[in-house]
Structures are given as structure tokens and as C-alpha cells.
Amino acid sequence: MSTKVLIIGACGQIGTELTTALRNTYGFSNVIASDIRKSESDVFNQGTFELLDARDKDAIKACVEKHKITDVYLMAALLSATAEKNPDFAWDLNMNSLFHVLNLAKEKVIQKVFWPSSIAVFGENSPKKNTPQHTIMEPSTVYGISKLSGERWCEYYHKNYGVDVRSIRYPGIISWKANPGGGTTDYAVEIFHEAVQKGSYTCFLRDDTSLPMMFMDDAVRATINIMKAEPESVKVRSSYNIAAISFTPAELATAIQQIIPEFAIAYEPDSRQKIADTWPESIDDSTATADWNWSHEFDMKTIVSEMISNLQRVLV
Ligand code: SER
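Rules used in this analysis
- Residues numbered from 1 in each chain as written.
- Predicted model: local features only at pLDDT ≥ 70, side-chain atom pairs only at ≥ 80, totals over all residues.
- Heavy atoms only, no water.
- 1 Å grid on protein atoms, 1.4 Å probe; cavity = no way out; pocket = protein on both sides within 12 Å on 5 of 7 lines; lining within 4 Å.
- Points joined across faces, edges and corners; volume = space filled by probe spheres on them.
- Helix = DSSP H or I, 4+ residues; strand = E, 2+ residues; numbered from the N terminus.
- Nonpolar A, V, L, I, M, F, W, Y, C, P; charged D, E, K, R; others polar.
- Phe/Tyr/Trp six-rings, centres within 6.5 Å; stacked < 30°, edge-to-face > 60°.
- Buried < 20%, exposed > 50% of the residue type's maximum accessible area, 1.4 Å probe, protein only.
- Pairing = 2+ DSSP bridges.
- Axes fitted to C-alpha atoms, helices over the stretch in contact; angles between N-to-C directions.
- Parallel < 35°, antiparallel > 145°, perpendicular 65-115°, else oblique.
- Left-handed = near helix turned anticlockwise from the far one by under 90°.
- Contact = heavy atoms within 4.5 Å.

Caption draft 1: Just the layout of surface pockets, in detail. Approximately 1100 Å³ is the volume attributed to the largest pocket. Residue lining of the largest pocket: 47 residues in total, with Gly 12, Gln 13, Met 75, Ala 77 and Leu 79 positioned closest to the centre. Of all the elements in the fold, those that place two or more residues in the lining of the largest pocket are α1 (13–26), β2 (31–35), α3 (80–85), α4 (87–106), β6 (117–118), α5 (142–161) and β9 (172–174). The element that contributes the greatest number of residues to the lining of the largest pocket is α1, accounting for 4 residues. Taken together, the residues of the lining of the largest pocket sort by class into 22 nonpolar, 18 polar and 7 charged.

Here's what the structure looks like:
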């Protein structure tokens, strides 16, 4: 059977670029984008778009049947900072959407599921540096708890019902096409917008907060590659650590100053600092490398120059 994709939550930061990449991979007519509301991005005027609430199983099923979908990418979620403000809704959205999709795969209505997890599954008792694939978890945020629970359910559905579900733990994702919303790592995108538009930025994390980060192109490539991998090489059916680089806000500011020398940064840590303090500083992704040949391409210097040159083009 040929691949026909549905992206749920397509209008978010990752979904927007994943939509384009999946169309390039599987063909325009084989990729359906959906979200609870349509964003202004041109991406969604170019191919089929459906309004879809990720919490509505009947609506997802109807959409899947209408378009003869084989693979679902479930990108809808409330991120870490927003979820802390609305725990009930975050739990409802993050967990029930996953159950709906896993159950459609269990019922063999769809063949394959991609569901993203996050570095937020780790907690203050996890090793901070080179955090291993298998280690103490104990997340302390609603978002992290929902992602860790989701990972356990993915593995459970794979082992008990043969569901082909694949997942990676995204670090903070840096991109210029669509903005992130409600995450703790969002500063690493905001900083570029403000550097280009205002020449200064007030960071909501402390200067020395090191977090794992990745450029969007690497994140999208990882997503498509794990879905294309042979089923037997995807040995971890909870979620894979993947990594690229780690830096602090101060280190990022210095890298930006190489290109925009007058750029100034100030620090006013808010409630997101408490979240960041429980997350890893860096991630060991050797299991993903061994199992499906993962490696990142974009380093700090390339990310900074890509971000600044593209934002200067589209914003200024
Ligand atoms: N970028 C996410 C967040 O900050 C982590 O997965 O919430």
C-alpha cells in the first residue's frame, strides 16, 4: 500500500515544516495537513487542509477514512510552560489525542504512527550531562508527565497490539518559518527575532542555563528517517533520545554578536527557569545512531547564520 499521510497539529512550529518535507517525500496529493485552526502560513494554501480537533476520535477517524490515510503524525500538544498554566486541558489534549491515534492503529484503520516525545520526560534526578537513553526519569511538569506516560503507552501498544508507533524525544527546536508556542526553550527562537528587529533581547532564563537544542532541518530529517526505517531497526518503541548541540543563553548571545556586534542581552528569569532547571544539559543519542543511523548536521555556527540571514530577509 502506498503511503498517505495525515499530520495532526500541522500548523505548529514543527508541523509547518514537516508538512513541506513530507510533501516533498511522498508527493503533494499524499499529504493531508490538519489543525484545530488554519495558520496564515502559505504552506496550508498549497495542499489539502482539514480542520481537525485532536481530541475528537470520531473526527480523526472520519478524516483518516475519507483520505485513506496510512500514516499519522500526531504533532498537536500543549508545551511545557503553557501546560503548567492549564494542567487539565494539557492532560486531555496530550494524552487523549495519543490514545485516539494508537487505537486507530490497534484497530488497523491506520498502519503507522509518529508521536513526538521531549527532553521534558527527564527530571531533576536524571543525570544532567549526556543523559542516557535509559535512566531515572521522574519529570516534574505536566507536559513531561504526559510525554513520559505517552512513551509508556506507545511501547505498550507496540508490545501488546503490534502497533507500529515510532517516537523521538525532541530537544528545543530552532527555526525561523513558524514560531514555537508555550515552551521553555522558546527563548532560543525569540532571541533571533529580537536581535534582528530590535538589536536587544531580555531572556526569561538565566545566562548559564544549558539546554539541548537542534535546528529544524535536523529535527524534520530525524522524524522522516525514523518513519522510513525498517521496523526491526526501530528497537526502542517508547522514544529515542536525539541530540545536536547544547548552549546557554550567554553562549548564544555571544554567537549572535559575531554577526550583529551591537546585540545586547539582559536576563529576567521567570517561572520557566524552574522548568529548565529540571531538564538535561546535554543528551546521549548513541542508541538512535546505532539503531537507525541518526546524526545531526547543523552546529551552533550554522544555526546562528541560517537564523539571522533568513530572518533578516523575511522580517527587515
Ligand atoms: N520545546 C519544548 C518545551 O520547551 C520541549 O519539548 O516545552
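Caption draft 2: Representation of the packing of aromatic side chains within the structure. This structure, assessed with the given rule, holds 13 aromatic pairs. Plain terms: the ring middles of Trp 153 and Tyr 157 are 6.3 Å apart, the flat faces sit at 65° to each other, and that makes the pair edge-to-face. Remark: Tyr 157 and Trp 153 occur in helix α5; sequence separation between them is 4 residues, near one turn of the helix. On the accessibility criterion, Trp 153 (33% relative accessible area) is partly exposed. Judged by centre distance (6.3 Å) and plane angle (45°), the ring pair of Trp 292 and Trp 294 falls under tilted. In this structure Trp 294 comes out as buried when scored by relative accessible area, which is 2%.

Caption draft 3: Up close: the sheet that holds strand β5 (residues 112–114). A sheet is described by the order of its strands in space; here 6 strands give the open sequence β3-β2-β1-β4-β5-β7, paired in parallel fashion. Only two strands of the sheet have a single partner each, and these edge strands are β3 (49–51) and β7 (164–166). Neighbour-to-neighbour, the strand axes of this sheet turn through a mean angle of 20°, independent of strand direction. Looking at chain direction, strand β1 (residues 5–8) and β2 are connected through 4 bridges and run parallel. Along β2, the bridge assignment pairs Val 5 with Val 31.

Caption draft 4: How the structure looks around the packing of helix α2 (residues 57–67) against α4. Interaxial distance between α2 and α4 falls to 10 Å at its minimum, and their mutual angle equals 45°. Between α2 and α4, the angle falls in the class oblique. At the point where α2 passes α4, the crossing takes the right-handed sense. Facing α2, whose interface residues are Lys 57, Ile 60, Lys 61 and Val 64, α4 presents His 100, Asn 103 and Leu 104.

Shape descriptors only; they carry no functional weight alone.
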